[in-house]
Amino acid sequence: MKTLQAVRGMHDILPSDAARWQWLEQRLAERLTAYGFGEIRIPVVEKTELFTRAIGQGTDVVEKEMYAFPDRNGESLCLRPEGTAGVVRAVLQHGLLNPPGLKVWYQGPMFRHERPQKGRQRQFHQTGVEIFGMETPETDAELIAMAGRLWRELGVDHLLRLEINSLGDREDRERYRTALVDYLRPRVDRLDADSQRRLETNPLRILDSKNPETRSLLVDAPRLDEHLGDEARRHFERVTALLDALGIAWTHNPGLVRGLDYYCRTVFEWTTDALGAQGTVCAGGRYDDLVEIQGGRATPGIGFALGMERLLALVESTGQQFEHRPHAYLVSSEAGAARLGLAERLRDHWPALRLITDLQGGSFKAQFKRADRSGAAVALVLGEAELAAGEVTIKDLRGDSPQSSVPADRLGAELRRRFATDGPDVAASGEPA
RNA sequence: GUGGGCGUAGCUCAGGGGUAGAGCACUGGAUUGUGGCUCCAGCGGUCGUGGGUUCAAAUCCCAUCGUCCACCCCA
């Protein structure tokens with residue numbers, strides 16, 4: 001029988017990697033909770049219509065990247081390509097916007113049918129946050145400040161920079177869209193093929209084209225920031241003033257448009273050049289019209305999503321240690337029940353003890369080899385001699401202090417004494433190899 | 001969706017028409033109760049898959065799948 005492979009662009013997270021995922025997930029969850037966000041868990045599959053409505057027909061995500069398939073009853077379903085649309089759906093379905101203020105976060109896999117490359121997979125993971133019912137500039141600023149705090153806590157703030165822009169309100173964008181199309185239409189033959197197509201479907205996206213010829217055309221094009229209405233302009237000025245007051249560095253990128261149609265007003269992106277071509281680690285913005293588009297009462301919203309694989313790659317590049325190395329590894333001769341009994345008594349005595357019992361057996365040599373490989377700090381030896389004497393031998397696997405024996409009933413206390421300098425966080429902070 | 005690189009042992013890779021290799025890892029021994037260092041021995045592969053050319057294919061050709069990188073786009 002031939003063995004099968006995972007689907008292209010969808011990767012296993014093996015036990016050797018899972019420790020770092022847990023490390024990161026735990027830190028994010030703690031921080032988001034501390035800012036008053038509650039977790040929401042929603043399905044991975046939604047009706048396709050949810051995304052076409054929310055993200056927009058003219059976007060790449062909807063046009064060519066969705067994993068859509070017919071359900072048995074013929075209805076089109078879809079592996080979610082992003083989280084916000086589903087959160088809005090759930091929030092409306094369960095009436096969570098009564099009263100209107102709500103802060104939620106989510107974490108999980110997303111799916112986009114793209115060609116895989118560095119920092120881009122077909123199944124990838126995002127952690128995202130959404131705030132509903134709050135339209136003040138302080139909301140935008142606190143959200144961005146929280147992201148900045150995350151980067152500091154994870155030790156990657158020096159690798160990221162913040163770009164920010166305002167897309168204005170819907171009417172502003174419509175006026176600007178007309179002006180932009182009026183400018184580009186007579187010059188259409190100088191646009192690259194993608195931009196020509198977007199002139200009809202989604203003209204604003206032409207703004208972040210990287211094609212040099214197209215870029216040179218855009219130099220004299222009408223500017224989005226000159227078409228902002230008074231309210232949107234004041235909002236943006238207030239947000240950036242707050243960022244300045246909080247000491248958060250930002251740069252204004254007038255070409256920052258984002259690929260999803262639902263954004264308005266403030267949009268932002270944290271990018272890095274440490275990750276190859278996929279520089280965006282976290283991105284988001286305001287979506288004040290989305291709840292209404294999805295059939296709810298008009299409610300402002302804002303949020304961001306961060307790419308877990310990308311963020312993890314950044315954290316790893318700093319040399320962060322994630323391993324939970326065992327405290328002890330129990331080696332024994334033939335003492336079956338005695339061995340398991342000893343291990344269980346130790347776990348009763350000290351529930352957080354990271355203890356591995358050798359279940360494969362074999363020679364002491366083989367058992368000690370596995371003890372060493374496990375990374376454990378000490379080996380506990382329960383052999384015939386120890387059994388007869390009611391003792392257990394402790395052997396230091398990482399230093400050269402001589403091994404010693406203690407009465408079995410004092411072993412737990414002795415281990416706690418030895419690892420007393422280990423705070424509960426010792427595993428997370430790592431130990432020298 | 002487009003372009004290019006790469007698929008040989010668990011891992012990293014060499015070999016480019018004529019008997020399938022190395023290092024690391026793994027197992028055992030030197031060391032019958034002690035890991036790491038050293039030495040010795042051993043296990044391990046339908047050379048990604050399918051087809052073609054040839055007396056002969058890991059090697060050349062075609063297709064396909066996967067992977068990596070870039071374009072595009074995005075987290």
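Residues numbered from 1 in each chain as written. Chains lettered and ligands numbered in written order. Predicted model: local features only at pLDDT ≥ 70, side-chain atom pairs only at ≥ 80, totals over all residues. Heavy atoms only, no water.

A. Here's a closer look at the overall build of chain A. Helix and strand counts for chain A come out as 16 helices and 16 strands. By the compact-globule yardstick of 22 Å for 433 residues, chain A is too spread out, its C-alpha radius of gyration being 28 Å. Looking at chain A as a whole, 51% of its 433 residues are labelled buried. Taking the contacts inside chain A whose residues are at least 6 apart along the sequence as the reference set, 69% of them involve residues at least 24 apart. Carbon and sulfur atoms form 49% of the exposed surface of chain A, whose accessible area is close to 21,600 Å². Within chain A, the 64 negative side-chain charges are centred at a point lying 3 Å from the centre of the 57 positive side-chain charges. (Helix = DSSP H or I, 4+ residues; strand = E, 2+ residues; numbered from the N terminus. Rg over C-alpha atoms; globule rule 2.2 N^0.38 Å. Buried < 20%, exposed > 50% of the residue type's maximum accessible area, 1.4 Å probe, protein only. Contact = heavy atoms within 4.5 Å. Areas by Shrake-Rupley, 256 points an atom, 1.4 Å probe, with all protein chains shown as cover. Lys, Arg positive; Asp, Glu negative; His and termini not counted. Charge placed at Lys NZ, Arg CZ, Asp CG, Glu CD.)

B. Main features of the protein's contact with RNA strand B. Around RNA strand B, the structure places 50 residues, and the nearest of them are Arg112, Gly259, Thr280, Ala385 and Leu397. Near-protein atoms of RNA strand B (within 4 Å) split between backbone and bases, with sugar and phosphate holding 53%. With respect to RNA strand B, the side chain of Arg115 contributes an N or O atom lying 2.9 Å from a base oxygen. Within the residue set of the surface near RNA strand B, elements represented by two or more residues are β6 (123-132), α7 (193-201), β10 (280-286), β11 (301-307), α13 (364-373) and α14 (384-389). (Near = heavy atom within 4 Å. Polar contact = N/O pair within 3.5 Å; in protein donor to acceptor, adjacent residues only side chain to side chain.)

C. Quick peek at the pairing of β11. With respect to burial, β11 is a largely interior element, 7 of its 7 residues being buried. Burial of β11 is two-sided: the residues Gly301, Gly303, Ala305 and Gly307 facing one way and the residues Ile302, Phe304 and Leu306 facing the other way are all buried. Bridge analysis of β6 against β11 gives 7 bridges, and the strand direction is antiparallel. Residue pairing across strands places Ile131 opposite Ile302, the latter belonging to β11. (Pairing = 2+ DSSP bridges.)

D. Here's a closer look at the nonpolar core. One finds Val87, Phe132, Leu184 and Tyr262 to be the most contacted residues of the largest nonpolar core, which totals 47 residues. Setting aside residues up to four positions removed in sequence, Tyr262 forms contacts with Ala54, Ile55, Glu82, Thr84, Arg286, Tyr287 and Leu290. With 43 residues, the next largest nonpolar core counts Leu160, Ile164, Val239 and Leu312 among its residues. (Core = buried A, V, L, I, M, F, W, Y, C linked by side-chain atoms within 4.5 Å.)

E. Up close: the pattern of salt bridges. Throughout the structure, instances matching the rule amount to 23 salt bridges. The structure contains a network of salt bridges with shared partners spanning Asp140, Arg286 and Asp288. (Salt bridge = Lys/Arg side-chain N within 4 Å of Asp/Glu carboxyl O.)

F. Structural view of helix α9 (residues 230-245). For α9, which comprises 16 residues, the first-to-last C-alpha distance of 22 Å matches the rise-based estimate of 22 Å (1.5 Å per residue) to within 8%. Residues of α9 that are buried in the fold lie against α5 (137-154), β7 (161-166), α6 (170-184), β8 (251-252), β9 (264-271) and β10. In the segment just after α9, Gly247 is the residue with positive phi, at about 75°. (Expected span 1.5 Å × (residues − 1).)

G. Quick look at the side chain of Arg80. Within the secondary structure layout, Arg80 lies in the loop between β4 (76-79) and α4 (84-93). There is no salt bridge for the buried Arg80, and the closest opposite charge comes from Glu46, which lies 6.6 Å off by N-O distance. Filtering out sequence-adjacent residues up to four positions away, Arg80 remains in contact with Ile42, Pro43, Val44, Phe51, Gln107, Gly108, Pro109, Met110 and Phe111.

H. Looking closely at the pairing of β6. Of all 10 residues in β6, 9 are buried, a share of seventy percent or more. As defined by bridge partners, strand β5 (residues 102-111) adjoins β6 across 10 bridges and the pair is classed as antiparallel. Residue pairing across strands places Val104 opposite Glu130, the latter belonging to β6.

I. Structural context of the sheet that holds β10. A sheet is described by the order of its strands in space; here 8 strands give the open sequence β1-β5-β6-β11-β10-β9-β7-β8, paired in mixed fashion. Looking at strand neighbours, the two that pair on one side only are β1 (38-39) and β8, the edges of this open sheet. Bridging between β10 and β11 involves 5 bridges; their strand directions are antiparallel. Bridge pairing in β11 places Gly285 opposite Gly303. Along the sheet, α5 contacts β5, β6, β7, β9, β10 and β11; its crossing angle with β11, the most-contacted strand, is approximately 15°. (Axes fitted to C-alpha atoms, helices over the stretch in contact; angles between N-to-C directions.)

J. View of the environment of Pro99. Relative to the assigned elements, Pro99 resides in the loop between α4 and β5. Sequence spacing of Pro99 and Gly133 is 34 residues, and the spatial spacing of their C-alpha atoms is 8.8 Å.

K. Inspection of the sheet that holds strand β13 (residues 355-357) at higher detail. Strand order in this open sheet of 5 strands is β13-β12-β14-β15-β16, and the pairing throughout is mixed. The strands lining the two open edges of the sheet, one partner per strand, are β13 and β16 (404-407). Looking at each pair of strands side by side, their axes are set apart by 30° on average, direction ignored. Two strands pair when backbone bridges link them, and strand β15 (residues 391-396) and β16 are joined in this way by 4 bridges, in the antiparallel orientation. Along β16, the bridge assignment pairs Glu391 with Pro407. Against the sheet, α13 touches β12 (328-332), β14 (378-382) and β15, its axis set at about 175° to β12.

L. Structural view of helix α11 (residues 308-317). Among the 10 residues in α11, 7 count as buried, and that is most of the element. Each element contacted by the buried residues of α11 is listed here: α1 (15-34), β5, β6, α5, β10 and β11. Positive backbone phi, approximately 85°, marks Gly319, located one or two places after α11.

M. Region of interest: the confidence of the model for chain A. Per-chain confidence: chain A averages 90 in pLDDT, with 96% of residues scoring 70 or above. Predicted confidence for residues 424-433 stays below pLDDT 50, and this span has 16 contacts to residues more than four positions away or in other chains. (pLDDT = per-residue confidence, 0-100.)

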